[in-house]
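Remarks on the overall topology
Chain residues, written in single-letter form:
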Amino acid sequence: MTRGAVAGILPAMMRPAVRNRLISAVVVLLVGGFVAIQMFHSLTPPRHADHDHAMATIDAGGFLWIRALDGDRRNLVGPPEKVLVLHWFDPSSGGGSEQRAAARFAAADVPGVDVEVLLIAVNADRDAARSWSESESIPAELVYVDPEGTTAELIGVRRFPETLVYDPAGRLAYQARGPMAWQDPTLPRRLAEFAKGVDEID
């Protein structure tokens, strides 16, 4: 494009009607992009048809964010490719015996089964959760935070403590409302069954 052509375009762009159309187009693009981003980030996987159950599958797109004590974010959405145990608790409610039992279970191998246990603290920021984990002698790498309980609400946790177990494909295999029987001698066998995959929880 010649310098003369550019010089001819610029005055035309400065005309009020043209300028207003350009501004309107830019505003529409910005608003549309913002709405699309918000919709994308608000996506969560489907809930179980029985709403007293937690999320039926975590492999359906979207975001379920929790944060490690080192600050890294983790999205729970997607096939875990292992048995994933999500233990939600409120450290401000006092006591930590169940979480200590969960940590001992996490440290023990389940023969032939890849199991990951996450302890997810609600109503606590990273500093509070770190202090709690130190006072309870629980390894910090097991502890995550959901400070406002937003992800707990999205995934369907309604009370604390509550434990959700997902199979390697991300399907809900088990839900413990209230304390989890971490010392139950049948638990390793049950997790081994979950590792083979499950149908939708009843």
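So, here's what we can say about the structure.

Conventions and cut-offs
Residues numbered from 1 in each chain as written. Predicted model: local features only at pLDDT ≥ 70, side-chain atom pairs only at ≥ 80, totals over all residues. Heavy atoms only, no water. Pairing = 2+ DSSP bridges. Helix = DSSP H or I, 4+ residues; strand = E, 2+ residues; numbered from the N terminus. Axes fitted to C-alpha atoms, helices over the stretch in contact; angles between N-to-C directions. Contact = heavy atoms within 4.5 Å. Phe/Tyr/Trp six-rings, centres within 6.5 Å; stacked < 30°, edge-to-face > 60°. Buried < 20%, exposed > 50% of the residue type's maximum accessible area, 1.4 Å probe, protein only. Salt bridge = Lys/Arg side-chain N within 4 Å of Asp/Glu carboxyl O.

Next up on the list: the sheet that holds strand β4 (residues 115-122). The strand order β2-β1-β5-β4-β3-β6-β7 describes an open sheet built from seven strands, whose pairing is mixed. Whereas interior strands pair on both sides, the edge strands pair on one side only; in this sheet they are β2 (73-75) and β7 (172-177). Pairs of neighbouring strands in the sheet enclose a mean axial angle of 30°, with direction left out of account. Sheet topology places β4 next to strand β5 (residues 143-146); four bridges connect them, and they run parallel. Within β5, the position partnered with Ile-120 by the bridge is Tyr-144. Most of the contacts of helix α4 (residues 126-135) go to β5, to which it runs at about 145°, and overall it touches β1 (65-68), β3 (83-89) and β5.

Below, the discussion takes up the packing of aromatic side chains. Taken as a whole and judged by the stated rule, the model has three aromatic pairs. Plain terms: the ring middles of Phe-63 and Trp-65 are 5.3 Å apart, the flat faces sit at 20° to each other, and that makes the pair stacked. Here Phe-63 falls in the buried class, since its relative accessible area comes to 15%. Judged by its relative accessible area of 27%, Trp-65 falls in the partly exposed class.

It is worth spelling out the pattern of salt bridges at this point. Throughout the structure, instances matching the rule amount to eight salt bridges. Linking Arg-130 and Asp-127 is a salt bridge whose minimum nitrogen-to-oxygen distance equals 3.2 Å. One end of the pair, Arg-130, and the other, Asp-127, are both in helix α4, three residues apart, so they sit about a helical turn from each other. Note that Asp-184 and Arg-190 form a salt bridge whose closest N and O atoms lie 3.7 Å from each other. Classification of Arg-190 as partly exposed rests on a relative accessible area of 22%. Taken together, the salt bridges that share partners define one network made up of Arg-74, Lys-82 and Glu-116.

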